[in-house]
Amino acid sequence: MDLMERTVVRCAEGHVFTTASLPMQQLGARRIGPGRLIRCPRCARLRNVVPVEAAK
């Protein structure tokens, strides 16, 4: 059972996938930017990713 919250993200190439966490998403109470470098499982490269907005 996965107890960590999963985040849906989109890489710079447009691939959408989930990640267990978004590293360094916040530093204390301040946000240090929307994107993070994560290895994309589709293209196997480090890509800048941003969280995907939830559909309303």
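As a reminder, the structure under discussion sits directly above these lines.
**Q** Help me get a handle on the environment of E5, residues and values and all.
**A** Its place among the elements puts E5 in the segment before β1 (7-11). We classify E5 as exposed; its relative accessible area is 68%. As a C-alpha pair, E5 and T19 span 14 residues in sequence and 8.7 Å in three-dimensional space.

**Q** Which residues make up the sheet that holds strand β5 (residues 36-39), and what are the values?
**A** With antiparallel pairing, 4 strands are arranged side by side in an open sheet as β2-β1-β6-β5. Two strands close off the open sheet at either side, each with one partner strand: β2 (16-19) and β5. Going from strand to strand, the sheet's axes swing by 50° on average, the running direction of each strand aside.

**Q** Mind laying out the side chain of H15, listing which residues take part and the relevant values?
**A** On the secondary structure map, H15 appears in the loop between β1 and β2. The exposure class of H15 is buried, given its relative accessible area of 19%. When neighbours within four sequence positions are excluded, H15 is seen to be in contact with V9, R10, C40, R42 and C43.

**Q** A description of the nonpolar core should follow, citing residues and the corresponding values.
**A** With 6 residues, the main nonpolar core is built from V9, C11, F17, I38, C40 and V49. Discounting chain neighbours no more than four positions away, the residues touching C40 are C11, H15, F17, R45 and R47.

What counts as what
Each chain carries its own residue numbering, running from 1 in the direction its sequence is written. Only residues with pLDDT of 70 or above have their local features reported here, since the model is predicted, and side-chain atom pairs are shown and tallied only from 80 upward, although totals for entire chains, interfaces and linings are computed over all residues. Values shown for side chains rest on all heavy atoms present in the structure; no hydrogens or waters enter the calculation. What counts as a helix is a DSSP run of H or I of at least four residues, what counts as a strand is a run of E of at least two, and both are numbered from the N terminus. Throughout this description, buried means an accessible area under 20% of the type-specific maximum (1.4 Å probe, protein chains only), exposed means over 50%, and partly exposed covers the range between. Paired strands, as defined in this entry, are two strands with at least two bridges between them according to DSSP. As a rule, the C-alpha atoms of each element are fitted with a line to give its axis, helices using only the stretch in contact, and angles between N-to-C directions run from 0 to 180 degrees. Between two residues, a contact is recorded if the distance between any of their heavy atoms is within 4.5 Å. In plain words, nonpolar cores are sets of buried Ala, Val, Leu, Ile, Met, Phe, Trp, Tyr and Cys residues tied together by side-chain atoms within 4.5 Å.

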